[in-house]
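Each chain is listed here by its residues.
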There are 2 protein chains.
Amino acid sequence: MNSRAYVEKHQDRFINELINLLKIPSISADSSYKASMKDAAQMVADQLESAGCDRVKIYPTKGHAVVFGEKIIDASLPTVLVYGHYDVQPPDPLGLWDSPPFKPVIKKTDIHPDGAIFARGACDDKGQMYMHVKAFEFMMAENDLPCNVKFMIEGEEEVGSEHLEDFINEHNAMLANDVILISDTGMISKEHPSITTGLRGLSYVEVEVTGPNRDLHSGLYGGAVANPINILTQMIASLQDENNRITIPGFYDKVEELSKEERDKMAEAPFNLEQYKQSIGIGDVHGEKGYTTNERNSIRPTLDVNGIWGGYIGEGAKTVIPSKAFAKISMRLVPNQDWKGITELFKTHFESIAPESVKVEVKPHHGGQGYVTPIDSIEYQAADKAFQDTFGKSAIPLRSGGSIPIVSLFENAFNSKTILMGFGLDTDAIHSPNEHFGVWNFLKGIETIPHFYKHFTALKA
Amino acid sequence: MNSRAYVEKHQDRFINELINLLKIPSISADSSYKASMKDAAQMVADQLESAGCDRVKIYPTKGHAVVFGEKIIDASLPTVLVYGHYDVQPPDPLGLWDSPPFKPVIKKTDIHPDGAIFARGACDDKGQMYMHVKAFEFMMAENDLPCNVKFMIEGEEEVGSEHLEDFINEHNAMLANDVILISDTGMISKEHPSITTGLRGLSYVEVEVTGPNRDLHSGLYGGAVANPINILTQMIASLQDENNRITIPGFYDKVEELSKEERDKMAEAPFNLEQYKQSIGIGDVHGEKGYTTNERNSIRPTLDVNGIWGGYIGEGAKTVIPSKAFAKISMRLVPNQDWKGITELFKTHFESIAPESVKVEVKPHHGGQGYVTPIDSIEYQAADKAFQDTFGKSAIPLRSGGSIPIVSLFENAFNSKTILMGFGLDTDAIHSPNEHFGVWNFLKGIETIPHFYKHFTALKA
């Protein structure tokens, strides 16, 4: 039977298996969830094995483990390397979840009349990663696997894949492939399949501003001593100008400027500004002058404060000048901006603008390079044909604002192209409370993926 | 025997009684400490009674209770109203205390070779308030009380004395007095007794900036949507200019400008800038251009962020654009600045500078008027003579940067002057971790206070 029939026959089991995986709170950022990380890795390994993988193994790293498995049917045939991750973002703020983040429930929504699975990681990336495991199960069960396949499912994507580079270098031969296939992005809509052709890089830093050596009474000292919170707000505010351009010297030096043709082509992607504003409840959009919303969140770099804290944040009032104030700041980068170079530029600039009255420390967290790929490659064509088979229409090439730092790492390490075949929607609230993944999207992914294997193998022949 | 001999005889008991009071975590800002607030009020009432007060009663308010007690020896004699408070500031950040804030310990320090009592509230204000209870005990025990006395010890000073005005209006006759005596301020040093002749007012507000209706992925939305933390930092930064002057329109309209003579007189108070910087570990002072450190923290208004929070503040990294960001902001005001008017100016201005892309809410917390008093009054002279008796030198008149919002309220309600006779030191770390109060200062206060009663009664005769 074909993949559609197989999915229809087994869909209830597929959903229940995913729900079991989603019950595990595999939060890589929080060291108190180490045991859950191990449980999630084990469940992925078990599922790969029962789907038909050989050489399934959980490889420890200095951080969280990588799960590997493969099926080599003929060394002369091409090999697809599937990448995904079993770790998830922290669920905070917990109070805003309608149901507990690790107690998955299926609820119907306007966009998902067939129901969506609500849980942290439902879309990013457990649900999308698991589509590949089930697509592989189908190809094995129906004797329909046209080429070799390898799985590399890691546990540190949400914390910058810190130890993946070492793993890849140590096991380069084992991971050798002809194409890297990833579902960790979105599609424009259920009616508009899309292939992500660009990703932004990332530089994530934490800053600490220290004023007095202890908290001070804001009456006795106020006005005479630098308040590290006031100073921090002034330093952060100065990082962007009135046109919302980043003021760090050299920040834009290597930013790729797209041609009018490219920008016009981007503008053709279906987009409704009013719906966009309504969907997130904002009175107006906000960003770099001279660029559209879709350009601002894809081909332009950013500087966002992801967290800030200092002083008294409890109930009521405390009249204090705190000793310290902190912020977590991330910059999304575009192709050609080197994340390590940008991190250095940030550190140098941020330290240089600190007044004598405070001390400043900048701690780099992690980062990754941006990525962009042409649409005339065999790999892209194979993915496009797969979408044509199951959606009846060609995919729209799309630049995403998100970052998958390891993509450019892969392309260098394996000298092969990456295909980002996403089935999630922007409205799935990944990284937010009430993250969910449409049941239709999950099943459609399982149905579509085998078509990529078929077309890629044919085009490579 | 005189007060010095009495103090020497009973000092161990005095210290142990204070330590028992300090063991009670009477944190008025935190509703989870309601029971401790009641315990503290009860202990104060019991001590007033055993010291010799009549009509001791704990008066409930809509917030925390007020403890009252009095001794009327002759209606034709003047009456001293002693004001103090039994509530304390929250002890956060707990991690910075060398010993638990509510487990008092006595340790020697360079400034306090006779030892200092370390505990939250040791100086502000349990220790200084209790000096008056023990001074009263002495005058009763030694038949040395020259006039009438009333005690009004409240439990909401650290949260703005919200319900004290109602209490005063309801019991105006009961509280009638000829002078209000308060020890809730400091002295310049153990060698330089001082009387506080000015206090700053206060306006305390909390602001909330809302961007999107939910937390967003900073990759998918970053650059296109207003980040409420970035916006909050820009809004707060804009409240002060490059000279550290506050930019709120009308903010300085009513600020009292001191004459050159007055500023020269202030400059005579002993002060060492290097010691000041060293004592709080700062590389440089920071404040309004054109004013000295002692002017900046006493006769000039301020704007300090006392707390800020938003986004992900846990371990590791989370790439999120939060829905909301918050800050607690307090402004210290000078005489003639009306705190309610300033709060309105802040609210109007802060809302006006918010971009279309966010919503802003400003919640006024509490506040109070500034205060300044002449030094040629009978009240001031009585206090000065008391210091001459026990310190052998005249007190230095001092403008304090702190706020005791109820002082101006008292003067209006009772039409009597307030004397701020402080025995704490700036180095006592009130409102900070490791707050302490010198044993010498505590005992010296008990010794000095009865002299005020004597001189005030004589001068009034």
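As annotated in an unreviewed UniProt entry, chain A is Dipeptidase from Mesohalobacter halotolerans.

Enquirer: How should I be thinking about the sheet that holds strand S4 (residues 105–107) of chain B in this particular structure?
Expert: One key point about sheets: their strands pair by backbone hydrogen bonds, in either a parallel or an antiparallel sense. Residue and element names in this part refer to chain B. Taken in spatial order, the three strands make up an open sheet running S4-S5-S18, and their pairing is antiparallel. Single-partner strands in this sheet number two, and they are S4 and strand S18 (436–438). Pairwise comparison of adjacent strand axes, ignoring direction, gives a mean angle of 30° for this sheet. Direction of pairing for strand S5 (residues 116–118) relative to S18: antiparallel, over a ladder of three bridges. In the sheet register, Phe118 faces S18, and the bridge partner there is His436.

Enquirer: Could you clarify how one ought to interpret the interface of chain B and chain A in this entry?
Expert: Accessible area lost upon the coming together of the parts is a frequently used measure of interface size. Each side of the interface is counted separately: chain B has 91 residues, and chain A has 91 residues. Counting the surface lost from both chain B and chain A, the interface buries some 7600 Å², and carbon and sulfur atoms represent 51% of this. Contact with chain A buries surface across chain B, with Ile280, His286 and Lys318 of chain B losing the most and accounting together for 8% of the total. For the pair chain B and chain A, the interface holds zero salt bridges. Inspection of the region where chain B meets chain A yields 48 residue pairs in polar contact (both at pLDDT 80 or more). Residues that form the side of chain B that touches chain A fall into these classes: 33 nonpolar, 40 polar and 18 charged. Across five bridges, strand S11 (residues 304–311) of chain A lies against strand S11 (residues 304–311) of chain B in antiparallel orientation.

Enquirer: I would appreciate a short explanation of the sheet that holds strand S13 (residues 324–333) of chain B in the present structure.
Expert: On the basis of which strands lie adjacent, the open sheet formed by eight strands has the order S14(A)-S9(A)-S13(A)-S11(A)-S11(B)-S13(B)-S9(B)-S14(B) and antiparallel pairing. Of all strands in the sheet, those bounded by a partner on one side alone are strand S14 (359–368) of chain A together with strand S14 (359–368) of chain B. Across the sheet, the mean angle separating the axes of adjacent strands is 15° when strand polarity is ignored. Where strand S9 (residues 201–210) of chain A and S14 of chain A come together, nine bridges link them in antiparallel fashion. Opposite Glu206 of chain A, over in S14 of chain A, you have Lys363 of chain A as the bridge partner. The strands touched by helix H5 (residues 228–237) of chain A are S9, S11, strand S13 (324–333) and S14 of chain A together with S11 of chain B; relative to S13 of chain A, the strand with the most contacts, the crossing angle is about 15°. The sheet contacts of helix H9 (residues 339–352) of chain A involve S9, S13 and S14 of chain A, and relative to S14 of chain A the element is tilted by about 170°.

Enquirer: Explain the relation of the copies chain B and chain A here, please?
Expert: The transformation that overlays chain B on chain A combines an axial shift of 0.0 Å with a rotation of 180°, and the residual RMSD is 0.0 Å. Those values place the two copies in the arrangement expected of a two-fold rotation axis. A symmetric contact is evident, with 100% of the interface residues of chain B recurring at the interface of chain A.

Enquirer: So what exactly am I meant to see when it comes to unusual backbone geometry here?
Expert: Glycine aside, negative phi is the norm for most residues, and most peptide bonds take the trans geometry. Of note, the bond from Asp124 of chain A into Asp125 of chain A is cis; its omega dihedral lies within 30 degrees of zero at 0°. Positionally, Asp125 of chain A belongs in the loop between strand S5 (116–118) and helix H3 (126–141). Here Asp92 of chain B and Pro93 of chain B are connected by a cis peptide whose omega angle stands at -5°. Mapped onto the elements of the fold, Pro93 of chain B is located in the loop between strand S3 (79–85) and S4.

Enquirer: How should I be thinking about the domain arrangement of chain A in this particular structure?
Expert: All names here are of chain A. Taken domain by domain, chain A comprises domain 1 (3–199 + 370–460) and domain 2 (202–255 + 301–368). Computed over C-alpha atoms, the centres of domain 1 and domain 2 are 35 Å apart. Opposite the 11 residues of domain 1 that make contact, domain 2 presents six residues. Buried surface at the junction of domain 1 and domain 2, both sides included, amounts to about 650 Å², of which 55% is carbon and sulfur.

Enquirer: What is the right way to look at the side chain of Thr319 of chain A in this model?
Expert: You can see Thr319 of chain A is positioned in the loop between S11 and strand S12 (320–321). For Thr319 of chain A, a relative accessible area of 8% puts it in the buried group. There is a polar contact of 3.2 Å between the side chain of Thr319 of chain A and the side chain of His431 of chain B. In this structure, Thr319 of chain A is in contact with Leu216, His217 and Ser218 of chain A together with Gln89, Leu202, Tyr204, Asn306, Arg332 and His431 of chain B, ignoring residues within four places of it in sequence.

Enquirer: Looking at this structure, how should I read the pattern of salt bridges?
Expert: A side chain with one charge can pair with a side chain of the opposite charge if their charged atoms come near. Scanning the model with the defined rule gives 46 salt bridges over all chains in all. A salt bridge links Arg13 of chain B to Glu137 of chain B, with the shortest nitrogen-to-oxygen separation between them at 2.6 Å. Separated by 124 residues along the polypeptide, Arg13 of chain B in helix H1 (residues 3–22) and Glu137 of chain B in helix H3 (residues 126–141) bring together distant segments of the chain. Arg13 of chain B gets classed as partly exposed once you look at its relative accessible area, which sits at 32%. Each of Arg13, Glu17, Lys134 and Glu137 of chain A takes part in salt bridges that share partners, so that together they form one network.

Enquirer: How should the environment of Ala176 of chain A be read in this particular structure?
Expert: Residues and elements named next belong to chain A. Locating Ala176 in the fold gives a position in the loop between helix H4 (164–170) and strand S7 (179–182). Sequence separation between Ala176 and Leu18 is 158 residues, and the spatial gap between their C-alpha atoms is 28 Å. Setting aside chain neighbours within four positions, we find Ala176 in contact with Thr79 and Lys150.

Thresholds applied
- Residues numbered from 1 in each chain as written.
- Chains lettered and ligands numbered in written order.
- Predicted model: local features only at pLDDT ≥ 70, side-chain atom pairs only at ≥ 80, totals over all residues.
- Heavy atoms only, no water.
- Pairing = 2+ DSSP bridges.
- Helix = DSSP H or I, 4+ residues; strand = E, 2+ residues; numbered from the N terminus.
- Axes fitted to C-alpha atoms, helices over the stretch in contact; angles between N-to-C directions.
- Contact = heavy atoms within 4.5 Å.
- Buried area = accessible area lost by both parts, 1.4 Å probe.
- Salt bridge = Lys/Arg side-chain N within 4 Å of Asp/Glu carboxyl O.
- Polar contact = N/O pair within 3.5 Å; in protein donor to acceptor, adjacent residues only side chain to side chain.
- Nonpolar A, V, L, I, M, F, W, Y, C, P; charged D, E, K, R; others polar.
- Least-squares fit on C-alpha atoms with pLDDT ≥ 70 in both.
- Domains from an automatic or database assignment.
- Buried < 20%, exposed > 50% of the residue type's maximum accessible area, 1.4 Å probe, protein only.

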